[in-house]
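Here's the letter readout for the chains.
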Amino acid sequence: MCDVLSGFDIHERQTLASYGEFLVLNANETVIQEQQEQDSLYFLIKGTLRALHLAREGKRPVGTIRAGEWFGEINILHPCTA
């Protein structure tokens, strides 16, 4: 992943922020789950998140999301990937 907002100036970031809301998460809190219908796009401002796959054996780590990266509903940016 990359910092999709790196080319945005402060005014553009503030404008984008006005369309959404800020979430403050606690450790081990779930943002989204596999197979869960969703329509949100998230930008991680601070910290790191772990991406986990739920398997029969338990949770298996598949990646890390870092500040500046995004995750969630990719169809917002790439509507042809539906």
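As a starting point, this report considers the structure included with it. (Residues numbered from 1 in each chain as written. Predicted model: local features only at pLDDT ≥ 70, side-chain atom pairs only at ≥ 80, totals over all residues. Heavy atoms only, no water.)

**Some details on the environment of tyrosine 42**
No. 1: Its location among the elements puts tyrosine 42 in strand E1 (residues 41–43).
No. 2: In contact with tyrosine 42, other than residues within four places in its own chain, are Leu23, Val31, Ile32, Glu69, Trp70, Phe71 and Gly72. (Helix = DSSP H or I, 4+ residues; strand = E, 2+ residues; numbered from the N terminus. Contact = heavy atoms within 4.5 Å.)

**So, unusual backbone geometry**
No. 1: In this structure, asparagine 28 is a non-glycine residue whose phi angle is positive, near 65 degrees.
No. 2: Position of asparagine 28 among the secondary structure elements: in the loop between helix H1 (10–17) and E1.
No. 3: Overall, asparagine 28 belongs to the exposed group, its relative accessible area being 70%. (Buried < 20%, exposed > 50% of the residue type's maximum accessible area, 1.4 Å probe, protein only.)

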